[in-house]
Amino acid sequence: MEYSEEEFLSIAGLQHFAFCRRQWALAYLEMQWNENLRTAEGHILHENAHDSFSAEKRGDRIISRGMSVFSRRLGVNGVCDIVEFHASPHGVPIFGREGKWLPVPVEYKRGSPKENDADRLQLCCQAMCLEEMLLCGEIPKAYLYYGETARRTAVPLDEALRGKVAAMLSEMHELSRRNYTPRVKPTKSCNACSLKGLCLPKLCRGGSAADYLKKRLEEFS
Ligand code: SF4
């Protein structure tokens with residue numbers, strides 16, 4: 001099965017979905033994104049990594065910044081912070097360069113490595129997009145760079161992680177098709193959630209987040 005471009009979901013949504021399905025639905029289906037310090041800091045780090053698309057050669061690598069990627073099989077698109085092309089027999093030819101080059105995504109994150117899979121899932125999804133787009137061999141590992149530690153960590157892109165990406169996206173597409181925001185049990189993670197002001201009143205009192213927002217606006221009119 002292949003998804004059409006109209007059905008594409010954002011790769012960045014995977015990390016939100018992994019954190020909380022409801023947060024993803026509020027942010028991406030109901031578009032209730034609440035920009036707090038946490039997300040703003042993340043955006044600044046991303047802006048530095050993205051700028052606009054560019055490529056340069058550094059030693060035995062070609063570094064590409066802000067590369068757009070997509071997968072029709074997974075139904076996603078997004079932008080990679082950095083894709084490094086490493087000389088490899090499993091890679092693809094690049095115009096004007098000798099040999100073959102394997103794409104290796106590098107994703108920039110604010111903070112330090114997380115205990116959950118959120119960042120690894122997003123990174124793995126980028127690699128799966130690159131494999132499909134460029135018809136290259138399997139990308140065995142990619143890298144996460146964390147702002148707090150200023151170090152990058154290798155992430156093996158194994159079958160388990162790839163299967164999790166595909167399963168999550170399938171569930172996200174199903175929720176998107178039904179335009180349905182799931183209800184979940186509040187947990188201690190809610191304290192760090194940028195959407196708790198919109199979400200928790202709804203979970204606690206019932207009604208939609210949009211209704212809550214409307215009521216609040218009416219109070220001030
Ligand atoms: S407040 Fe809690 S339940 Fe609501 S979206 Fe955030 S993490 Fe999920």
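It should be noted that the structure appears before, not after, this text.
Quick summary incoming for the structure in this document. Because the structure is predicted, anything quoted here is derived from the model rather than measured. (Residues numbered from 1 in each chain as written. Predicted model: local features only at pLDDT ≥ 70, side-chain atom pairs only at ≥ 80, totals over all residues.)

**With respect to helix α2 (residues 21–29)**
Within an α-helix, residues lying three or four positions from one another point in the same direction, as the helix has 3.6 residues per turn.
Right, on to step 1. Of all nine residues making up α2, seven are buried, and the element is well covered by its neighbours.
Right, on to step 2. Of all the positions in α2, only R22, Q23, W24, A25, L26, A27 and Y28 are classed as buried.
Right, on to step 3. One or two positions beyond α2, positive phi appears at M31, with a value near 55°. (Buried ≥ 20, exposed ≤ 12 C-beta atoms within 10 Å, placed from the backbone. Helix = DSSP H or I, 4+ residues; strand = E, 2+ residues; numbered from the N terminus.)

**What about unusual backbone geometry?**
Right, on to step 1. Even without being a glycine, L135 presents a positive backbone phi close to 55°.
Right, on to step 2. Position of L135 among the secondary structure elements: in the loop between α4 (118–134) and β6 (141–146).

**Remarks on the site of the ligand**
Right, on to step 1. Around the ligand, 13 residues are found, and the nearest of them are C20, Q23, C190, C193 and C199.
Right, on to step 2. Elements that contribute at least two residues to the shell around the ligand include exactly α2 and α6 (196–205).
Right, on to step 3. Residue composition of the shell around the ligand, by class: nine nonpolar, two polar and two charged. (Near = placed C-beta within 6 Å. Nonpolar A, V, L, I, M, F, W, Y, C, P; charged D, E, K, R; others polar.)

**Brief notes about helix α5 (residues 159–178)**
Right, on to step 1. Relative to the 28 Å expected for 20 residues at 1.5 Å per residue, α5 spans 29 Å between its end C-alpha atoms, a close match to the ideal helical length.
Right, on to step 2. Among all positions of α5, only V165, M168, L169 and M172 are buried. The buried side chains of α5 occupy one side of the element, clustering within an arc of 100° when seen end-on. Turned more than 90 degrees from where α5 packs its buried face, E159, A160, G163, A167, S170, E174, R177 and R178 sit exposed.
Right, on to step 3. On its buried face, α5 sits against β1 (9–10), α1 (13–19), α2, β4 (76–93) and α4.
Right, on to step 4. Just past α5, the residue N179 takes up positive phi, approximately 50°. (Expected span 1.5 Å × (residues − 1). Arc of directions from axis to C-beta. Contact = placed C-beta atoms within 7 Å.)

Structural measurements only, silent on function.
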